[in-house]
Amino acid sequence: MSPFRLLRPFLLLLVGLFFLFPIFWVVLMSFMTDQAIFSSPPSLFFKPTLQNYAALISGHLETGTGTLDVDYMRNLGNSLLLAAGSVIVSLLLGVPAAYAFARFKFRLGENIAFTLLSFRFAPPLLVLLPLQIYFQDLGLYDTYGGLIWVYQLITLPLILWIVRGYFEDASEDIEAAYRLDGHSWFKTFWRIAIPLARPGIAAAALLAFIFAWNNFIFALILGSSAVQPVTVGALAFITASGIHYGQIAAALVLSILPTLVLALYTQRYLVEGLSLGAVKG
Amino acid sequence: MAFIELDDIAKSFGSKPALDGVSLAIERGETLAVFGPSGVGKTVLLRLLAGIMEPDRGDIRIGGASLLGVPPERREVAMAFQNFALYPHLTAFENIASPLRARQLDETQMKRRVGEIASLLRIDHVLDHLPRALSNGQKQRTALARSLVRAPAVLLLDDPLRNVDAKLRYEMRLELPRLFKRFGSTALYVTQDYREAMALGDRIAILLDHRLRQLGTPAEIYNHPADQRVARLFGDPPINLLPARVEASGGGATVRLFGQTLALRHRPVPAASGWDCLVGIRPEDVELSSEPIDGTAPFRLRATTPFSVRTALLLAGADGGELIASTTNPPAAETLWARFDLGRAVLFDAATGTAL
Amino acid sequence: MASLTLEKLGKTFGKLRAVGDVDLAIADGEIIGLLGSSGCGKTSTLRMIAGFERISEGTVRIGDRPVNLLPVAARNVAMAFEGYSLYPPLTVAENIAFGLKRRFAKAEVGRKVAEIARLLEIGDILEHYPSAISGGQQQRVSLARALVRQADVYLLDEPMSQLEPQLRAVLRVRIKDWLRRHRMTTVFVTHDQTEAIALADRIAVMDQGALQQFGTSADLLDRPVNLFVAGFVGEPPMNLIEAEVLRRDGRLALAALDRDGRTAFELMLPSAPAGKTIERMLEAGRRITIGFRPQSASLAVDDRRQGAGAPASLTIRGRVVSNEWLGDQSHVGIEAGGLFLIAVTDGRIALAEDGAVTLALRPEALHAFDRETGRALIHGGSIAEAARHAA
């Protein structure tokens, strides 16, 4: 047993701790009172409290200067709606498009695909000002539809490029066999191509969801209190009387939860894809 | 009018040609073996018939009706792929039932037909397995069952036995003709194994250089190959192609091989003197003797290779030329003498490779 | 060029015993084939010899040296992989010459590369890169690279699996010639027994991780030690029929049984020339499996009996099911009493489908196996080695 072998578990633990510790600490903080958070030296042992969560859920924040009404739960709901809505729209548009790019060779195909990808290259700030003006004119400002539409700039290229790769890797012979059995082009797409690309679709959808969820700038500039997601809503915790770390920590934990649940749910489909790929004649 | 007609079919991929003007007429109920080296266009031919690709030029007709522009699901054609192409997320039963579902057969009928074909192909005990739980042989039989279950008029098989172990391949080779006949299908069978082609084909179509080089019964191909490449491809050990010069001599023609001058009876006499050719002699037509034969030089035995019925002997002549002979009773000596029966030999023009 | 010895070699993957108890003594310069179906352990065995798999049990010796603990590079083995493993940034010629540059002068290297390239018919692609050549060509390059090296042992993993049958047949002869000329100790893996028989001096047949038999092709064909080897080696495969031993008029007879256990046909054995031991082995009521090679049967139409020593022949009457003409031989399928048998004859034979045919066998061509254990009992008239030790 070489010395490296013995050291390995310790090194791995060290790296793991380095990356996970901040998250771990935030979760701990969400159960601490303000005094516990500021105690010096910081301690892992404390009396846990649910008051931070209670404050968030009820909407009443206790600050030094009195109660502040914060609508964090509504922000959570908005985030869910916007992220889920964007991903669903992107899937409906992107998966068939990815199939078309993968299977059919048509003129300007690569050009169009690249153009769609280029949306990811541009920093959002570049398009924000003109978009703001259009949104006001079209009445899309502060609407769910407007934001979901803008979020396509983030989610659609992702879905397109990841799923296209999966369709390209999938065996065309299997689809050909299904058509020879007598099924139409559409049935083949629905019953064979999509199920076989499921891991790619799941991975792309999950990534797109995360990116949409984390978006800050579009929601800030093109929306207001009605559609505010948690990214913007967290700003409210920075009050004149100071920052309530306990409540922010609780807010953070709540904002991580939906994405975490989704990731755990789709994990099954991601792993499945790896074993299907091992089929060889 | 033949049942399947291919009329001057051509197909290229970019600048690379796959088929360059192929015409074929296939009779109903016939099994046509399509034979040729890799890359010559055999698979492309099947895919054109299946409708997975459209030809650049030419016409494809089944029963007199042109199939150009007809999508695969509307052609009455079934196909078994080389790499099986089973649906990995469906059970073997569902795989086989797929063509019947497309025709919206009722459940009971479907179960019955799937059951019949499965028991015929001896996979009825694994019908509820997913493809990844099946052995290669079972996968191949499931793919075959799927193509046979609707008793197709036209059956296309793209080297279906290629990815199966040698042992299983032999067994399947015996079963396939019986299956085709049972369902009355007209079959096109692509293979690179000449034995498969001879065993399964009523006729064999040989593709070389992306074109149809010869079409005939196994006997015609084996005994009268049109091209020296065809002759070499059909036979194991392969035919000897001995370069020699045909000379006119006293009203007939002779050729000199390994120091022997042999008369060519019933052969065309070269107009000018001297005609460079390749004399094709099959190893089994070489007579060996451990006793000297008058007027011939001995051969040295270089290597022996046992086969199932015969043994192949690699012989080296005094001038360095090689000769392969095959015999059921390999002699024990290191030095041998050989006699050739030119009656069964085939002559090829040395420059073009075409048979004379 | 060294001898190679495997002593009780075994490999376990977790709970799976992929290879167990393999004993092979290979002499310097011998060509050995590892033959078996997918999953039988032959590739794992090869990889253990090379050093790509850790050895779970037993020892591998090259020369007299145990190499279990030596890394691959120190074992002095050359390997041609099933997956080619060519170096992409080097041309074909450079790939082949890779191991040689250190030991030989440039001119010599060039000569060797040209020679092996001509042998394997890749002389025209020497300046190409691996990505520009076909799979079959890549495989030949991988093979050339292994064959041109100076190693103690050469290991070839399905070296010609991607090549067309015709090319394979041609290359086999040349490769065998090359291996012999350079006295290279070689072990190759294949699932194609025609290839094994053609190329190897001796063949090790494996099934489910265990060595079934190790011998020359004649040993395997004429004296298979068990049912597996009998049914696996030989193309077409040996006809194997379940049978029961009976006594008729004081003589032994064999009743061939169909799938339902009913008698399909009977074979009267001639009065035993080998005497009492055979009789004891085939005592009446014993359940055995009999076998005969398709090549040892001679065929005749209708009632005319044929074959050497006709009166002493065993005959089976049947109906022609198929007649495959393969150029220099014909494979005839016969149905007799519900059983399917194959016979191979030289050249072409005029037998129409559904016609009556008589199959004649010399008693020496018959093999008998114990039905329960699968072990061989009798080959022709002599007693099988295994049975002799057991009796």
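Residues numbered from 1 in each chain as written. Chains lettered and ligands numbered in written order. Predicted model: local features only at pLDDT ≥ 70, side-chain atom pairs only at ≥ 80, totals over all residues.

1. Notes on the overall build of chain A
The helix and strand tally for chain A stands at 13 helices and 4 strands. For chain A, whose C-alpha radius of gyration is 24 Å, the value lies well above the compact-globule estimate of 19 Å for 281 residues. Principal axes of the C-alpha set define a box for chain A whose edges measure 70 × 70 × 30 Å. Across the 281 residues in chain A, those meeting the buried criterion constitute 31%. The contacts in chain A between residues at least 6 apart in sequence include a share of 78% that link residues at least 24 apart. (Helix = DSSP H or I, 4+ residues; strand = E, 2+ residues; numbered from the N terminus. Rg over C-alpha atoms; globule rule 2.2 N^0.38 Å. Buried ≥ 20, exposed ≤ 12 C-beta atoms within 10 Å, placed from the backbone. Contact = placed C-beta atoms within 7 Å.)

2. Let's talk about the overall build of chain B
Along chain B, the regular secondary structure elements total 8 helices and 20 strands. Counting only C-alpha atoms, chain B reaches 80 × 45 × 35 Å along its principal axes. Residues counted as buried form 44% of the 356 residues belonging to chain B.

3. A few points about unusual backbone geometry
With omega at 5°, the peptide bond leading from B:D236 into B:P237 counts as cis. With respect to the element layout, B:P237 can be found in the loop between α8 (228-233) and β11 (240-249). A cis geometry characterises the amide bond from C:E235 onward to C:P236, with omega recorded as 0°. Even without a glycine there, the phi angle at B:D8 is positive, about 50°. With respect to the helices and strands, the residue B:D8 is situated in strand β1 (residues 4-13). The class of B:D8 is partly exposed, set by 13 C-beta atoms lying within 10 Å. For C:E121, which is not glycine, the phi torsion reads 60° and is therefore positive. Here C:E121 lies in the loop between α3 (106-119) and α4 (135-147).

4. Here's the deal with the interface of chain A and chain B
Taken together, the contact between chain A and chain B spans 18 residues of the former and 22 residues of the latter. Per-element accounting of the side of chain A that touches chain B gives the leading share, 7 residues, to helix α8 (residues 172-180) of chain A. Residue composition of the side of chain A that touches chain B, grouped by class: 10 nonpolar, 5 polar and 3 charged. (Nonpolar A, V, L, I, M, F, W, Y, C, P; charged D, E, K, R; others polar.)

5. Comments concerning the interface of chain C and chain B
Each side of the interface is counted separately: chain C has 34 residues, and chain B has 35 residues. No other element matches helix α5 (residues 165-181) of chain C, which puts 7 residues into the side of chain C that touches chain B. Across the side of chain C that touches chain B, the residue classes tally to 12 nonpolar, 14 polar and 8 charged.

6. Let's talk about the sheet that holds strand β18 (residues 322-327) of chain B
The antiparallel open sheet is built from 5 strands, whose spatial order is β15-β19-β16-β17-β18 (chain B). At either margin of the open sheet sits one strand with a lone partner, and together these are β15 (286-289) and β18 of chain B. Pairs of neighbouring strands in the sheet enclose a mean axial angle of 40°, with direction left out of account. Both strand β16 (residues 299-306) of chain B and strand β17 (residues 311-316) of chain B contribute to a ladder of 6 bridges, which runs antiparallel. In the strand pairing of β17(B), B:T304 is matched with B:L313. Along the sheet, α5(C) makes contact with β16 and β17 of chain B, crossing β16(B) at roughly 110°. (Pairing = 2+ DSSP bridges. Axes fitted to C-alpha atoms, helices over the stretch in contact; angles between N-to-C directions.)

7. Some thoughts on the domain arrangement of chain A
Residues and elements named next belong to chain A. Each assigned domain of chain A is listed here: domain 1 (3-51) and domain 2 (72-276). The C-alpha-based centres of domain 1 and domain 2 are spaced at 32 Å. Taken residue by residue, the interface counts 8 residues in domain 1 and 7 residues in domain 2. When residues in the side of domain 1 that touches domain 2 are grouped by element, the largest group, 4 residues, is from helix α1 (residues 3-30). When the residues that make up the side of domain 1 that touches domain 2 are grouped by side-chain class, the tally is 5 nonpolar, 2 polar and 1 charged. (Domains from an automatic or database assignment.)

8. A short note on the pairing of strand β16 (residues 314-325) of chain C
Residues and elements named next belong to chain C. Bridging between β16 and strand β19 (residues 356-361) involves 6 bridges; their strand directions are antiparallel. Within β19, the residue paired with T315 across the bridge is A360. Here β16 runs beside strand β17 (residues 329-336); their pairing, made up of 6 bridges, is antiparallel. Its bridge partner being in β17, R319 is matched across the sheet by E335. The hairpin formed by β16 and β17 contains 3 residues between the paired strands, and G327 there has a positive phi angle of roughly 95°.

9. Overview of the packing of helix α7 (residues 144-169) of chain A against helix α10 (residues 198-214) of chain A
The relative placement of two packed helices is expressed as an angle between their axes plus a distance between the axes. All names here are of chain A. Two elements in contact, α7 and α10, have axes separated by 9 Å at closest approach and are oriented at 160°. In terms of orientation, α7 and α10 fall into the roughly antiparallel class. As for the relative orientation of α7 and α10, their crossing is right-handed in sense. Each of Y151, I154, T155, L158, I159, I162, V163, G165 and Y166 in α7 lies in contact with α10, whose residues at this interface are G200, I201, A203, A204, L207, A208, F211 and A212. Among the residues forming the contact of α7 with α10, the class breakdown is 14 nonpolar, 3 polar and no charged. (Parallel < 35°, antiparallel > 145°, perpendicular 65-115°, else oblique. Left-handed = near helix turned anticlockwise from the far one by under 90°.)

10. Observations regarding the domain arrangement of chain B
Segmenting chain B into domains produces domain 1 (4-226) and domain 2 (240-349). On a C-alpha basis, the centres of domain 1 of chain B and domain 2 of chain B stand 40 Å from each other.

11. Concerning α1(A)
With 28 residues, α1(A) extends 41 Å from end C-alpha to end C-alpha; this agrees with the ideal 40 Å at 1.5 Å per step. Within α1(A), only 2 of the 28 residues are buried, which leaves the element largely exposed. (Expected span 1.5 Å × (residues − 1).)

12. Things to note about the sheet that holds strand β4 (residues 57-62) of chain B
All names here are of chain B. The sheet built from 4 strands is open, its strands ordered β2-β1-β4-β5 with antiparallel pairing. Of all strands in the sheet, those bounded by a partner on one side alone are β2 (16-26) and β5 (65-66). In the sheet, β4 pairs with β5 via 2 bridges, with the strands oriented antiparallel. Across the sheet, I62 pairs through a bridge with A65, a residue of β5. The sheet contacts of helix α1 (residues 42-50) involve β1, β2 and β4, and relative to β2 the element is tilted by about 65°.

13. Side note on the arrangement of the chains
Where the 2 pairs of chains in contact are concerned, the greatest contact count is recorded for chains B and C. In this assembly chain A lies apart from chain C, the nearest approach of their C-alpha atoms being 13 Å.

14. Examining the confidence of the model for chain B
Of all residues in chain B, 97% attain a pLDDT of 70 or more, and the chain-wide mean is 87. ipTM for the predicted complex: 0.84, alongside a pTM of 0.80. (pLDDT = per-residue confidence, 0-100.)

15. Here we look at the pairing of strand β18 (residues 339-346) of chain C
All names here are of chain C. For β17 and β18, the ladder comprises 8 bridges, and the chain directions are antiparallel. For G333, the partnering residue across the bridge sits in β18 and is I342. Between β17 and β18, which pair antiparallel in sequence order, lie 2 residues; one of them, G337, sits at a positive phi of approximately 60°.

16. A look at the nonpolar core
For soluble globular proteins, the rule of thumb is that nonpolar side chains tend to be buried together. If you look at the biggest cluster of nonpolar residues, it comprises 148 residues, and the most contacted ones within it are A:V163, B:V34, B:M79, B:L156 and B:L188. Among the elements that line this core, the one with the most residues is α7(A), at 11 residues. Among residues more than four places away in sequence, those in contact with A:V163 are A:G94, A:V95, A:A98, A:A197, A:G200, A:I201 and A:A204. If you look at the next biggest cluster of nonpolar residues, it comprises 114 residues, including C:I49, C:V77, C:F292 and C:L299. (Core = buried A, V, L, I, M, F, W, Y, C linked by C-beta atoms within 7 Å.)

17. Considering helix α4 (residues 72-103) of chain A
Compared with an ideal rise of 1.5 Å per residue, which puts 32 residues at 46 Å, α4(A) spans 45 Å between its outermost C-alpha atoms and is within 8% of the ideal. If you look at α4(A), its biggest bend is around 30°, right at A:L91. (Bend = angle between axes of the 7 residues up to and from the residue.)

18. A few points about the packing of α4(A) against α10(A)
All names here are of chain A. For the pair α4 and α10, interaxial distance at closest approach is 9 Å and the crossing angle is 140°. Relative to α10, the element α4 lies oblique. Seen from above, α4 lies across α10 with right-handed handedness. Taken together, the residues of α10 that come into contact with α4 (itself represented by S79, L82, A83, S86, V87, S90, L91 and V95) are I201, A205, A208, F209, A212 and W213. Residue composition of the contact of α4 with α10, by class: 11 nonpolar, 3 polar and no charged.

19. A few points about the environment of C:L341
All names here are of chain C. With respect to the helices and strands, the residue L341 is situated in strand β18. Judged by C-beta crowding, with 22 C-beta atoms within 10 Å, L341 ranks as buried. When the C-alpha positions of L341 and L246 are compared, they lie 22 Å apart, and in sequence the two are 95 residues distant.

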